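# Per-entry structural report
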Amino acid sequence: VLNIYLTKMSDIILNEKGTIDKYIGDAIVSFFGAPLDLEDHAIRSCYAALKMKEAEEEINLTLYETGKIPMPIKTRIGINTGEMVVGNMGTEKKMNYTIMGNDVNLAARLEGVNKKYGTWILISESTWKETKGIFLARPLDRVRVVGINTPCQLYNLMAIKSEATTEMIALAESFEKAINLYRNRDYKASLKAFKECREINSDDIPTKIYIER
């Protein structure tokens, strides 16, 4: 099962010219823009993330619906863009072509932060700025993650904008309006706006979280 999953997901990364760094259990660490420079590295990483979520549905149809796995596979993804050290690291007897740096650590932290918001793909503000309006996303909190002192603006990547449904676009627009009110501490208006989001999609977990707040 693990090899089926890792093969499907890794192929998507490689097709977007990403580099597979390593596998940690069922996790894939990858990067875009090395060893060959890619001007659109941030865009390619977001394409890969969305395609991986589509592939996940196909995997679940093959494995879960046929009873080969006890529960559906769900993948969380964190993406960050920034400067990092890339190269061969290790000893003369054992080298690994890998990445290091705070911007690498932040991407790893974002993957885990998905748990707090009920989201599947979180990207940093630096990644969002590089995507040139191709994708649909919504802002969440500005947070300071473990081990990183500089606060990071979170964005929930939702879809390729040209392929987004009317409902997704409406939810993203209403959610951004609601969270702006929330940040301005206009909580009464914010609550009303989040309830409008709930009317668009009653199952949206980030909306439920902010309504509870």
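Use the structure listed above.
About the thresholds
- Residues numbered from 1 in each chain as written.
- Predicted model: local features only at pLDDT ≥ 70, side-chain atom pairs only at ≥ 80, totals over all residues.
- Heavy atoms only, no water.
- Salt bridge = Lys/Arg side-chain N within 4 Å of Asp/Glu carboxyl O.
- Buried < 20%, exposed > 50% of the residue type's maximum accessible area, 1.4 Å probe, protein only.
- Helix = DSSP H or I, 4+ residues; strand = E, 2+ residues; numbered from the N terminus.
- Axes fitted to C-alpha atoms, helices over the stretch in contact; angles between N-to-C directions.
- Parallel < 35°, antiparallel > 145°, perpendicular 65-115°, else oblique.
- Left-handed = near helix turned anticlockwise from the far one by under 90°.
- Contact = heavy atoms within 4.5 Å.
- Nonpolar A, V, L, I, M, F, W, Y, C, P; charged D, E, K, R; others polar.

Turning our eyes to something else, we now look at the pattern of salt bridges. Side-chain pairs of opposite charge can arise whenever the charged atoms involved come near each other. What the rule picks out here adds up to 12 salt bridges. Between aspartate 21 and lysine 22 there is a salt bridge, with the nearest N and O atoms lying 3.2 Å from each other. For aspartate 21, a relative accessible area of 9% corresponds to the buried category. Assessed through its relative accessible area of 30%, lysine 22 is described here as partly exposed. For the salt bridge of glutamate 125 with lysine 129, the shortest nitrogen-to-oxygen distance reads 3.9 Å. Here lysine 129 and glutamate 125 lie together in helix H4 (residues 125–129), a separation of 4 residues that amounts to about one turn.

Moving on: the packing of helix H5 (residues 166–183) against helix H7 (residues 205–212). As a packed pair, H5 and H7 sit with axes 12 Å apart at the nearest point and diverge in direction by 20°. Taken together, the axis directions place H5 and H7 in an arrangement best described as roughly parallel. For H5 against H7, the interelement crossing comes out left-handed. Across from Leu171, Phe175, Ile179 and Tyr182 in H5, the residues of H7 making contact are Pro206, Thr207 and Tyr210. Among the residues making up the contact of H5 with H7, the classes are represented as 6 nonpolar, 1 polar and no charged.

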